[in-house]
Amino acid sequence: MVNWKSIKKYEDIFFLFWEGISKIEINRPWCHNAFRVETVKEMIDAMKICKNRNDIDVVIITGTGDKSFCSGGDQKTRSYGGYLGKDGIPVLNILDFYKKIREIPKPVIAMVNGYAIGGGHVLHVVCDLTIASDNAIFGQSGPKVGSFDGGFGSSYLARHIGQKKTREMWFLCKEYSAKEAFNMGLINKVVTKNSLEKTTIKWCKTIQKRSPMALRMIKRCLNAELDGQHGLMQLAGDATLMFYLMEESQEGKKAFLEKRIPNFKKFQKFL
């Protein structure tokens, strides 16, 4: 039995924790878990907490109910230049949340429990892994509502399913079943609706048995190619972290503090 405990109270999302696993759940089922500006701000805040808490190993992203994972941006809040928050300023802050998913040095799993459409589809694509219920539906809707995603929603999607299928998905705005999504390499696994969370938790528990530094580094390496200089900076930052943990790096610091010349000759060189 999973006994989720609330980490922090929000208006639009549930932010939960259980045995090293965090769950960020969009709680707007009346609009198929479409996100508004405030929803995204809350998810960004929750992801920052996930990054900074050492007791959180894996993050799950999902939506409330069994009909929709996320249907993208709430079109009722869309205006010129983006989506309007309570302050009346138009923004596209979902792009910032996508970046947080890429940046967090921990695995992020999309637990898709129904429709993953539009920006909701991009949301699952950006996650490291996707597990879907057999009633899940996938698709892009941008060109139907005067929108598109030229970033991860297209280039990274093409890395998953290829250029031709990506163009089909965007040009036709077709919807695809969970089985079709699995067969085209869009998602990792399809399970029954009743076993979705159980399977996702099982995957999380397996991940928790793996080396956190190895997981961190392989995520950085996989991201670096697509994320340009920003991705290379994150990879280099973690490489620096690993070096700081080595005696060779510690020798440099100690020598500086002791006002002596560091003895790097005592460390083995590897071919």
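Structure's up top.
Here is a short report on the structure shown in this document. Treat the numbers as computed from the prediction; the structure is a model and nothing was measured. (Residues numbered from 1 in each chain as written. Predicted model: local features only at pLDDT ≥ 70, side-chain atom pairs only at ≥ 80, totals over all residues. Heavy atoms only, no water.)

## Some points on the sheet that holds strand 5 (residues 68–70)
At step 1: Reading across the sheet, the 4 strands line up as 5-10-12-13 and stay open at both edges, with mixed pairing between neighbours. The open sheet has two edge strands with one neighbour each: strand 5 and strand 13 (176–177).
At step 2: Pairing of strand 10 (residues 115–117) with strand 12 (residues 137–139) involves 3 bridges; the strand directions are parallel. Across the sheet, the residue bridging to Tyr115 is Ile137, located in strand 12. (Pairing = 2+ DSSP bridges. Helix = DSSP H or I, 4+ residues; strand = E, 2+ residues; numbered from the N terminus.)

## Focus on the packing of helix 4 (residues 152–161) against helix 5 (residues 163–172)
At step 1: Contact geometry for helix 4 and helix 5: axes closest at 7 Å, N-to-C directions at 130°. The angle between the axes of helix 4 and helix 5 places the two elements in the oblique class. For the pair helix 4 and helix 5, the sense of crossing is right-handed. For the pair formed by helix 4 and helix 5, the contact residues are Gly153, Ser154, Leu157, Ala158 and Ile161 on the first element and Gln163, Lys165, Thr166, Met169 and Trp170 on the second.
At step 2: In terms of residue class, the contact of helix 4 with helix 5 is built from 5 nonpolar, 4 polar and 1 charged. (Axes fitted to C-alpha atoms, helices over the stretch in contact; angles between N-to-C directions. Parallel < 35°, antiparallel > 145°, perpendicular 65-115°, else oblique. Left-handed = near helix turned anticlockwise from the far one by under 90°. Contact = heavy atoms within 4.5 Å. Nonpolar A, V, L, I, M, F, W, Y, C, P; charged D, E, K, R; others polar.)

## A closer look at the environment of Pro143
At step 1: You can see Pro143 is positioned in the loop between strand 12 and helix 4.
At step 2: With a relative accessible area of 46%, Pro143 lands in the partly exposed category.
At step 3: It is 16 Å that separates the C-alpha atoms of Pro143 and Tyr80, two residues lying 63 residues apart in sequence. (Buried < 20%, exposed > 50% of the residue type's maximum accessible area, 1.4 Å probe, protein only.)

## A look at the side chain of Thr64
At step 1: Relative to the elements of secondary structure, Thr64 occurs in the loop between strand 4 (58–63) and strand 5.
At step 2: There is a polar contact of 3.2 Å between the side chain of Thr64 and the side chain of Asn27.
At step 3: Those residues in contact with Thr64 that sit more than four places away from it in its chain are Phe14, Glu25, Ile26, Asn27, Pro29, Asn33 and Asn113. (Polar contact = N/O pair within 3.5 Å; in protein donor to acceptor, adjacent residues only side chain to side chain.)

## Notes on a nonpolar patch on the surface
At step 1: A surface patch of nonpolar side chains, about 310 Å² in accessible area, is lined by Phe243, Tyr244 and Met246.
At step 2: Looking at the secondary structure, you find Phe243 in helix 8 (residues 212–244). (Patch = residues over 30% accessible without salt bridge, like charges linked within 9 Å, V, L, I, M, F, W, Y side chains within 5 Å. Areas by Shrake-Rupley, 256 points an atom, 1.4 Å probe, with all protein chains shown as cover. Salt bridge = Lys/Arg side-chain N within 4 Å of Asp/Glu carboxyl O.)

## Considerations on the pattern of salt bridges
At step 1: Enumeration over the complete set of coordinates arrives at 24 salt bridges.
At step 2: A cluster of three or more residues bridged by salt bridges with shared partners is formed by Glu11, Asp12, Arg28, Arg36, Glu38, Asp74 and Lys86.

## A few points about unusual backbone geometry
At step 1: Positive phi outside glycine occurs at His32, with the angle close to 55°.
At step 2: Here His32 shows up in the loop between strand 3 (21–26) and helix 1 (37–52).
At step 3: One non-glycine residue, Cys173, lies in the positive phi region at around 55°.
At step 4: Its place among the elements puts Cys173 in the loop between helix 5 and strand 13.

## Digging into the sheet that holds strand 8 (residues 90–91)
At step 1: Strand order in the open sheet formed by 3 strands is 6-7-8, and the pairing between neighbours is antiparallel. Edge strands, defined here as strands with exactly one partner in the open sheet, are strand 6 (78–79) and strand 8.

## A word on the packing of helix 3 (residues 119–126) against helix 4
At step 1: Following both chains from N to C, one finds helix 3 and helix 4 inclined at 50°, their axes separated by 10 Å at the closest point. By the angle between their directions, the pair helix 3 and helix 4 is classed as oblique. Helix 4 is crossed by helix 3, and the crossing has left-handed handedness. Facing helix 3, whose interface residues are His121, Val122, Val125 and Val126, helix 4 presents Phe152, Gly153, Tyr156, Leu157 and His160.
At step 2: Per-class residue counts for the contact of helix 3 with helix 4 are 6 nonpolar, 3 polar and no charged.

Purely geometric stuff here, so don't read any function into it on its own.
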